[in-house]
Amino acid sequence: QSVLTQPPSVSGAPGQRVTIACTGSSSDIGAGYDVHWYQLLPGAAPKLLIYGNSNRPSGVPDRFSASTSGTSASLAITGLQAEDEADYYCQSYDSSLFWVFGGGTKLTVL
Amino acid sequence: QVQLVESGGGVVQPGGSLRLSCAASGFTFSGSAMHWVRQAPGKGLEWLADISYDGGRQYYADSVKGRFTISRDNSKNTLYLQMNGLRIEDTAVYYCARKSLSGWEEFDYWGQGTLVIVSS
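1. Considerations on the state of the cysteines
All names here are of chain B.
In step 1: In total, this model carries 2 disulfides over all chains according to the counting rule given.
In step 2: The partner cysteine of Cys 22 in its disulfide is Cys 96, sulfur to sulfur 2.0 Å. On the S-S bond that ties Cys 22 to Cys 96, the torsion sits near 60 degrees, and the link is right-handed. On the criterion of sequence distance, the pair formed by Cys 22 in strand E3 (residues 18-25) and Cys 96 in strand E9 (residues 92-99) is long-range, its members being 74 residues apart.

This is the structure:
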């Protein structure tokens, strides 16, 4: 049971926009701790996608964006491409549990 | 370029021990805090432990506290995870990750992971 809640799966056709929600509580996201997002491709090292709620590391396409509000965060992917098919995880911090992750969301590109 | 390479995984019986290593290159290892994270089969990511840049402070998840020990050797640019009292539920891919220097505390680089299987 992950501390942060994500939908198990989302899907979209190439070119479409999808969003992935990440719901926390007053102990983590709601306490003002930052949210980060990671992309996991099979057999590859996890990749940082978004840091500090809405910042993209160098090299991450601007098709990826994120926001945080209250006890929740959201990752949006526009112009969906086949290569975006992966698992996506949100992460934040909890004052008691330290670093916490969402359960992960599998993105399927139809 | 930043590289993190884990090793030391394998098959071990319940109650056994393993030591994982994470060889770092491409950055000043002694200046970065480091983490261990795992992913059990079919499950999500789980943070396990972190260690300060100088090894002076460590924090652990409740699930591994008292059984796992994180350490580092800055002279060898290597991070370790000593795992004792292994349980079936410790079966997972284990990743090391670097804490970013950006100030946001994200994990900016990860290794590809090493698989640990706990089975009788």
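2. Side note on unusual backbone geometry
For residues that are not glycine, phi is negative in most cases, and the peptide bond is trans in most cases.
In step 1: Positioned with a positive phi, Asn53(A) is a non-glycine residue whose angle comes to about 80 degrees.
In step 2: Secondary-structure assignment places Asn53(A) in the loop between strand E4 (47-50) and strand E5 (64-69).
In step 3: Look at Asn53(A) and you get buried, because its relative accessible area is 17%.
In step 4: At Glu105(B), a residue that is not glycine, the phi angle is positive and equals roughly 70 degrees.
In step 5: Structurally, the position occupied by Glu105(B) is in the loop between E9 and strand E10 (107-110).

3. A short note on the sheet that holds strand E1 (residues 3-7) of chain B
Residue and element names in this part refer to chain B.
In step 1: Read from one edge to the other, the open sheet built from 4 strands follows the order E1-E3-E8-E7, with strand pairing classed as antiparallel. On the outer flanks of this sheet lie E1 and strand E7 (68-73), each paired with one strand and no other. Taken over all neighbouring pairs, the strand axes of this sheet differ in orientation by 15 degrees on average, direction set aside.
In step 2: Judged from the 6 bridges that link them, E7 and strand E8 (residues 78-83) form a sheet pairing that is antiparallel. Opposite Phe 68, over in E8, you have Met 83 as the bridge partner.

Here is what the cut-offs are and how they apply
Each chain has its residues counted from 1, following the order in which its sequence is written. Chain A is the first chain written and ligand 1 is the first ligand written, with later ones labelled in order. pLDDT decides what is reported in this predicted model: residues at 70 or higher carry local features, side-chain atom pairs at 80 or more are listed and counted, and totals for whole chains, interfaces and linings draw on all residues regardless. To obtain the side-chain values, all non-hydrogen atoms of the structure were included, while hydrogens and water were left out. Our working definition of a disulfide is a cysteine sulfur pair at a distance within 2.5 Å. By definition, any uninterrupted DSSP run of H or I lasting at least four residues is a helix, any uninterrupted run of E lasting at least two residues is a strand, and each is numbered from the N terminus. Here the term buried applies to any residue with accessible area under 20% of the maximum for its type, exposed to any over 50%, and partly exposed to those in between, with areas from a 1.4 Å probe on protein chains only. DSSP bridges decide pairing: two strands pair if at least two such bridges lie between them. Helix axes are fitted only over the stretch in contact, all axes being lines through C-alpha atoms; the angle between N-to-C directions runs from 0 to 180 degrees.

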